[in-house]
Amino acid sequence: MGASRLPLRLLPVHIGRIDPLRIAVLAPPWIPVPPPGYGGIEAVVDLLCEALVARGHEVTLFAAPGSRSTARVISPLKDAHPDEIGSSLCESDHVACAFEEIDLAAERGRAFDVVHDHSGFAALAMADRVAAPVVHTLHGAFVEGTVPFYQRHGHKARLVAISRSQALSAPPGVRVVDVVPNPIVVDRWPLRVKKQDYLLWVGRMDLVKGPDRAIEAARLAGRTLVLAGPVQPGQEQYYRALVEPHIDGRTVHYIGEVGGTAKQELFANAAALLMPVRWREPFGMVMVEALACGTPVIAFPEGAAAEIVIDGENGILVADVTEMAHAVERLGSIDPERCRASVVDRYDVSIAATGYERVYREAINAERKRHPSRATGNVPVSVRLPALPLTAS
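Only a predicted model underlies this, so the values are computations on that prediction, with no experimental measurement involved. (Residues numbered from 1 in each chain as written. Predicted model: local features only at pLDDT ≥ 70, side-chain atom pairs only at ≥ 80, totals over all residues. Heavy atoms only, no water.)

Colleague: Is there a simple way to explain the overall build of the protein in this structure?
Modeller: Scanning the protein from terminus to terminus reveals 13 helices and 13 strands. Each of the 393 residues in the protein was classed as buried or not, and the buried ones make up 56%. Sequence-distant contacts, at least 24 apart, represent 70% of the contacts inside the protein between residues at least 6 apart. A total accessible area of about 16,500 Å² is found for the protein, and carbon and sulfur atoms account for 52% of it. (Helix = DSSP H or I, 4+ residues; strand = E, 2+ residues; numbered from the N terminus. Buried < 20%, exposed > 50% of the residue type's maximum accessible area, 1.4 Å probe, protein only. Contact = heavy atoms within 4.5 Å. Areas by Shrake-Rupley, 256 points an atom, 1.4 Å probe, with all protein chains shown as cover.)

Colleague: Please explain the packing of aromatic side chains as it appears in this structure.
Modeller: Between two aromatic rings, the relevant description is the distance of the centres plus the angle of the planes. A full pass over the atoms with the stated rule returns eight aromatic pairs. Geometrically, the ring pair formed by Tyr-356 and Tyr-360 is stacked, given 6.0 Å between the ring centres and 25° between the ring planes. Here the residue Tyr-356 and the residue Tyr-360 both occupy positions in helix H13 (residues 349-370), the gap between them amounting to four residues, near one helical turn. Like Tyr-360, Tyr-356 is buried. Members of the aromatic cluster, each reached through a chain of ring pairs, are Phe-121, Phe-142, Phe-149 and Tyr-150. (Phe/Tyr/Trp six-rings, centres within 6.5 Å; stacked < 30°, edge-to-face > 60°.)

Colleague: Explain the environment of Glu-289 to me, please; I cannot follow it from the model alone.
Modeller: Assignment of secondary structure puts Glu-289 in helix H9 (residues 285-292). According to the relative accessible area criterion, Glu-289 is buried, its value standing at 6%. Between the C-alpha atom of Glu-289 and that of Phe-267, which follows or precedes it by 22 residues, the distance is 7.4 Å. Not counting chain neighbours up to four residues away, the residues in contact with Glu-289 comprise Ile-184, Trp-189, Lys-263 and Phe-267.

Colleague: Would you mind going over the pattern of salt bridges with me for this structure?
Modeller: A side chain with one charge can pair with a side chain of the opposite charge if their charged atoms come near. For the coordinates displayed, the defined rule picks out 19 salt bridges. Of the charged contacts, one joins Asp-345 and Arg-338 as a salt bridge, the two residues approaching to 3.9 Å between their closest N and O atoms. According to the relative accessible area criterion, Asp-345 is exposed, its value standing at 53%. The salt bridge partner of Glu-362 is Arg-358, with a shortest N-O separation of 3.5 Å. Remark: Arg-358 and Glu-362 occur in helix H13; sequence separation between them is four residues, near one turn of the helix. (Salt bridge = Lys/Arg side-chain N within 4 Å of Asp/Glu carboxyl O.)

Colleague: What is the right way to look at helix H6 (residues 211-221) in this model?
Modeller: Count 3.6 residues to each turn of an α-helix, and residues three or four apart come out pointing the same way. All of the buried residues along H6 are Pro-211, Asp-212, Arg-213, Ala-214, Ile-215, Ala-217 and Ala-218. Buried residues along H6 sit against strand E8 (199-202), strand E9 (225-228), helix H7 (236-243), strand E10 (252-254), strand E11 (272-275) and helix H11 (321-327). Gly-222 occupies a position one or two residues after H6 and carries a positive phi of about 70°.

Colleague: Looking at this structure, how should I read the pairing of strand E4 (residues 114-117)?
Modeller: On any regular strand, side chains alternate: one points to one face of the sheet, the next to the other face. With burial as the criterion, each face of E4 is covered, one bearing Val-114 and His-116 and the other bearing Val-115 and Asp-117. Where strand E1 (residues 22-26) and E4 come together, four bridges link them in parallel fashion. What sits directly across from Leu-26, in E4, is Asp-117. Two strands pair when backbone bridges link them, and E4 and strand E5 (residues 134-137) are joined in this way by three bridges, in the parallel orientation. What sits directly across from His-116, in E5, is Val-135. (Pairing = 2+ DSSP bridges.)

In structure tokens, the structure reads:
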């Protein structure tokens, strides 16, 4: 990532008298782990693998070439595919090769206890073809095109939501009982109390993410806006029509993808992060990263934004672009240190590691009850870690 990389210091599993697990983690095939720039899922996988290894688990990460991790890394494909995101050919090839390695491990007497999938749709559709139980993290929203898929295949794995909003949006017939938020290591992000004057928008150039709305809000507020993020395949027309004409290098700047220390400084120095999203945002890692730097978030209350942003404490929730512009005047009432504390309390990587340990063991125990002859590793049935219950908020 090129940024501060302090080693994690978490409670090892043996101290808590919990047997370590053999865990296979499937990342998407598109971008290396950790991501060089934009790549929310890859960043989550990076931190989770590191945390699980630090706690004493044996983790194998299946990821794109160029990936680095404290876990053992296997790259099933020859090349990364950053320009083919969503390609069924690349994804199915990646997953099929990973499943072959998982089968081989079992044949050699080193079976994985659990498979944790972050890769997309193919692994979930084929989850019942591997002996180990599969945990599938829902990184995307339930939308019209994906609902039938999850209704057909969701029962093949234990589904984990990344926000309560996402879990509560599950369609009929799709069972989601676990919520484990995406993690961050707050100490790796600089706290900046004194801010510069610019507003910031970070994301992919997509209508639902609203860079055009951020431009209008900044114009109404009389502030400079910095836009950062990729123009992915299929987004070119929207970018050319509604974003590019406003980029003048004075009031609106577009700096493309940014990562590492440059990304951290961009977040830390901003007066606020704008999140004018118009969809049920499943999580929104950029909000957590901004808050870790003491930067407040002004957001539309869509999806997880209404969970991450505590109105009046670490940011401001607004109904539309006009309210977003007016909210800029209230930024002085938001304490940067409180912004950072709100992340430590809820999204530290230790919370995600503990949550997933619980999910893994419950998935393993459920699989054993269904298939007593299909034992994987040596996991005591009596182990029960603290739960993250799903409750409406």
